[in-house]
Each structure stands twice: as C-alpha cells, then as structure tokens.
Amino acid sequence: MEEDNMTYYIKVKADGPYLVYGNPPIDQEIIRPNEDGKAWLYEKGIHFETEPKEDGHISLCRCGVSKNPPFCDGSHRHAQWDPKETDNKKEFVDEAKKYPGPEYTLEDNSKFCIHAQFCTTSGLAWALVRKKSDTEGHEKLLHEVCHCASGRLMLRNNSTGEIIDKPFPPSIGIIEQPELKISGPIWVKGGITIIDEDGKEYEIRNRVTLCRCGKSKNKPFCDASHIGEKYNDGLPTDGGSEIW
Ligand code: FES
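What counts as what
The numbers attached to residues start from 1 for each chain and follow its sequence in the written order. Totals for whole chains, interfaces and linings use all residues, but because this is a predicted model, local features are given only for residues with pLDDT of at least 70 and pairs of side-chain atoms are given and counted only at 80 or more. Side-chain metrics in this entry use all non-hydrogen atoms of the structure; hydrogen atoms and water are not considered. In this description a helix means any DSSP run of H or I spanning at least four residues, a strand means any run of E spanning at least two, and both kinds are numbered starting from the N terminus. The size measure is the radius of gyration over C-alpha atoms, and the globule rule it meets is 2.2 Å times the number of residues to the 0.38 power. Accessibility here uses a 1.4 Å probe with only protein chains present; expressed as a share of the type maximum, an area under 20% marks a residue as buried, one over 50% as exposed, and anything in between as partly exposed. Any two residues whose heavy atoms approach within 4.5 Å are treated as being in contact. In these tables, accessible area is a Shrake-Rupley quantity obtained with a 1.4 Å probe, and a residue counts as shielded only by the protein chains included in the view. Positive residues here are Lys and Arg, negative ones are Asp and Glu, while His and the chain termini are left out of the count. By convention, the charge on Lys lies at NZ, on Arg at CZ, on Asp at CG and on Glu at CD. Of the two site types, the cavity is a set of points on a 1 Å grid over the protein atoms alone where a 1.4 Å probe fits but cannot get out, and the pocket is an open set with protein on both sides within 12 Å along at least five of seven lines, each lined by residues with an atom within 4 Å of a point. Grid points are joined across faces, edges and corners, and a volume is the space filled by probe spheres set on the points. Pairs of strands are assigned from DSSP output, requiring at least two bridges between the strands. For helices, the fitted line uses only the C-alpha atoms of the stretch in contact; every axis is such a line through C-alpha atoms, and the angle between N-to-C directions lies from 0 to 180 degrees. Each Phe, Tyr or Trp ring (for Trp, its six-membered ring) is paired with any other whose centre lies within 6.5 Å, and the angle between the two planes then decides the class: stacked below 30 degrees, edge-to-face above 60, tilted in between. Whether a charge lies above a ring is judged from NZ of Lys or CZ of Arg, which has to be within 6 Å of the ring centre and within 35 degrees of the ring normal. Just so you know the grouping, Ala, Val, Leu, Ile, Met, Phe, Trp, Tyr, Cys and Pro go in nonpolar, Asp, Glu, Lys and Arg go in charged, and all remaining residues, Gly too, go in polar. We define a salt bridge as a contact between a side-chain nitrogen of Lys or Arg and a carboxyl oxygen of Asp or Glu at a distance within 4 Å.

A. The overall build of the chain, seen in detail. Scanning the chain for helices and strands turns up 4 helices and 13 strands. Over its C-alpha trace the chain gives a radius of gyration of 18 Å, about what one expects of a compact globule, namely 18 Å for 244 residues. Considering only C-alpha atoms, the chain reaches an extent of 50 × 40 × 30 Å along its principal axes. Going through the 244 residues of the chain one by one, you find that 51% of them count as buried. Of the contacts made within the chain by residues no fewer than 6 positions apart, 60% connect residues no fewer than 24 positions apart. Per element, the accessible surface of the chain, about 11900 Å² overall, is 46% carbon and sulfur. In the chain, 32 positive and 41 negative side-chain charges are present, and the distance between their average locations comes to 5 Å.

Encoded structure:
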C-alpha cells in the first residue's frame with residue numbers, strides 16, 4: 001500500500017467504523033421517483049461538514065446504530081453486529097455475467113446489488129442493451145446503468161473495450177430512499193481506494209457502495225440487507241437541488 005500516492009482512501013477498521021482519509025465531500029444523495037413511482041434521479045440533501053482528526057481521518061458508522069449518523073459515535077462497541085469482512089475480493093469483471101448487444105455489452109455482477117431499481121425504470125437494462133446507439137432505448141439504458149450507485153451494472157463498448165460511465169469526482173454519498181422509508185448504503189464515488197483491515201486494497205472502481213446498516217453478508221459492500229432490516233438513519237430527507 002502506497003499511502004503517499006492516495007489522496008483519498010478509506011480503511012475498514014476491523015471492529016469499528018470506516019476511517020475516511022483526504023476529507024472528500026460527503027452529501028446525502030436522496031433517490032427520487034418519476035411520476036410512475038420508479039427510481040429516477042438523485043437529489044442532494046444535507047452537506048456534512050467534517051473536521052478530520054489529527055491524522056486526517058473522519059469516521060463513518062458501519063454498524064448501523066450510531067446516534068450521530070452517518071458518523072461513528074462509538075456505539076459499535078456495544079452493538080450486536082458482526083464486523084467481519086466477507087467479500088472475496090474477486091474483480092468485478094471476473095464474476096460478472098455478460099449480456100452482449102450489437103454495440104455494447106452489459107456486465108452484471110449481482111453481488112453488489114443494492115436494489116435501488118434504476119435498472120427497471122424505463123425497461124429492463126438487460127433488454128435495452130440490444131438497442132442500437134441511435135435509439136431512445138439506448139438513452140434509457142445509459143440513464144439506468146449510470147444511476148446504478150452500487151456499480152452492479154457496467155456498460156462496455158464492443159469495439160473499443162472501453163467502459164461507458166459517468167465520471168465522478170472523488171466524493172461520498174449517503175443514500176436515502178424516503179419513498180421506502182429506508183436509508184441506503186455509503187456511496188463511494190470517483191475511484192476512492194478502499195483498504196481492508198489487513199491493509200489490502202479492494203478493486204478501485206468509479207462507483208461502489210459500502211454497508212452502513214451492519215447486516216450485509218458481503219462486507220464491506222452493501223448487499224441490500226438494509227431493506228429487510230428497514231434501516232433508517234432518522235435524518236431529514238427534504239432534499240434540495242437536483243444532481244442528475
Ligand atoms: S461503527 Fe461506530 S457507531 Fe457504528
């Protein structure tokens with residue numbers, strides 16, 4: 001691990017929070033539905049001001065019981081949770097199923113799914129990939145794939161092998177789904193390095209989501225357990241400006 005080369009990184013503490021270094025911006029990302037009630041866009045809510053500790057980190061809760069979410073307040077010491085990291089560290093593409101279309105291939109690694117359901121809003125992404133790039137169907141596909149916070153779905157150009165994605169600056173989103181009365185995971189954007197308790201790096205990706213309810217079976221990543229748990233951080237979700 002070459003920490004000097006990493007402006008932003010997150011260390012998963014063995015029996016505690018995520019230690020976030022580099023002071024990236026942290027904002028609520030509130031999922032809003034379209035007129036049919038389906039997940040459509042993200043609206044920016046609270047911007048969390050942070051004051052890093054002396055060594056430059058702030059602590060985000062990953063046990064789900066902090067009284068000061070999204071930050072750790074030490075409650076994990078008395079919480080009923082299993083902090084063990086269980087992800088197998090295989091690269092996204094090694095376990096992804098491929099759904100080829102005429103110009104693009106949809107790559108799908110379901111272990112990352114957070115069930116935000118953008119991928120079903122305008123038709124199933126797995127069917128839309130069969131549309132040509134000059135069609136409305138392709139526009140819908142791009143919208144769905146690029147809104148997939150977890151990075152379960154990726155789109156690759158068949159000719160160039162390039163990944164088609166929305167570029168994010170390094171930043172952190174705290175996902176909320178008020179329509180379902182639940183709070184979602186921590187959205188890590190823009191290639192922030194994530195390091196396990198033994199100092200090994202997970203695959204660096206443009207978008208990925210970390211568990212914050214404490215119940216994922218694929219820690220540190222979210223596996224949508226927060227839905228069954230009805231995890232809700234209790235923060236206001238009035239929102240503000242539309243992001244995209
Ligand atoms: S990890 Fe510390 S309160 Fe949740």
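Back to the write-up after that little detour.
B. Broad picture of the layout of surface pockets. Approximately 200 Å³ is the volume found for the largest pocket. As for the largest pocket, its lining consists of 14 residues, of which G37, A39, A116, Q177 and L180 are closest to the centre. Counting residues per element, the lining of the largest pocket draws most heavily on strand 3 (residues 26-33), at 3 residues.

C. Molecular detail of the sheet that holds strand 2 (residues 18-21). Taken in spatial order, the 4 strands make up an open sheet running 5-2-1-12, and their pairing is mixed. With partners counted over all chains shown, the strands left at the sheet margins are strand 5 (57-60) and strand 12 (193-195), one partner each. When the angles between neighbouring strand axes are averaged without regard to direction, this sheet yields 25°. As paired strands, strand 1 (residues 9-12) and strand 2 are joined by 4 bridges and run antiparallel to one another. Note that in strand 2 the partner of V12 across the bridge is Y18.

D. Structural detail: the packing of aromatic side chains. Following the criterion strictly, the structure yields 8 aromatic pairs and no others. Here F112 and F221 contribute two aromatic rings whose centre-to-centre distance is 5.3 Å and whose plane-to-plane angle is 80°, an arrangement assigned as edge-to-face. In this pair, F112 sits in the loop between strand 7 (104-108) and helix 2 (125-128) while F221 sits in the loop between strand 13 (207-210) and helix 4 (225-229), placing the two residues 109 residues apart along the sequence. You can call F112 buried: its relative accessible area is 4%. Since its relative accessible area comes to 4%, F221 is described here as buried. An aromatic cluster is present here, built from Y42, F118, F168 and W187 joined pairwise through their rings. Lying across the ring of W187, K189 places its NZ or CZ 4.3 Å from the centre. If you follow R205 out to its NZ or CZ, it ends over the ring of F112, 5.0 Å from the centre.

E. Region of the structure containing the sheet that holds strand 13. Strand order in the open sheet made by the 5 strands is 4-3-10-11-13, with mixed pairing throughout. Pairing within the sheet leaves two strands with one partner each, and these edge strands are strand 4 (39-48) and strand 13. Between one strand axis and the next, the sheet turns by 30° as a mean value, whatever way the strands run. The sheet contact formed by strand 11 (residues 182-189) and strand 13 spans 4 bridges and is antiparallel. Following the sheet pairing, V188 is matched in strand 13 by V208.

F. Structural view of empty space enclosed by the protein. What the rule picks out here adds up to 2 cavities of 30 Å³ or more. For the largest cavity, the calculated volume is near 60 Å³. For the largest cavity, the full set of lining residues is D87, K89, K90, F92, K111, F112, Y202, E203, R205 and F221. Along the lines of polarity and charge, the residues of the lining of the largest cavity split into 4 nonpolar, no polar and 6 charged.

G. Examining the pattern of salt bridges more closely. According to the stated counting rule, one finds 12 salt bridges in the structure shown. The closest approach of N and O atoms between D196 and K89, which form a salt bridge, is 2.6 Å. Here D196 is found in the loop between strand 12 and strand 13, whereas its partner K89 is found in the loop between strand 5 and helix 1 (92-95), with 107 residues between them in sequence. According to the relative accessible area criterion, K89 is partly exposed, its value standing at 32%. Among the ionic pairs, E136 bridges to K140, the shortest N-O distance being 3.8 Å. Taken together, the positions of E136 and K140, both in helix 3 (residues 136-146) and 4 residues apart, correspond to about one turn of that helix. What emerges from the salt-bridge pattern is a single network uniting D87, E95 and K111.

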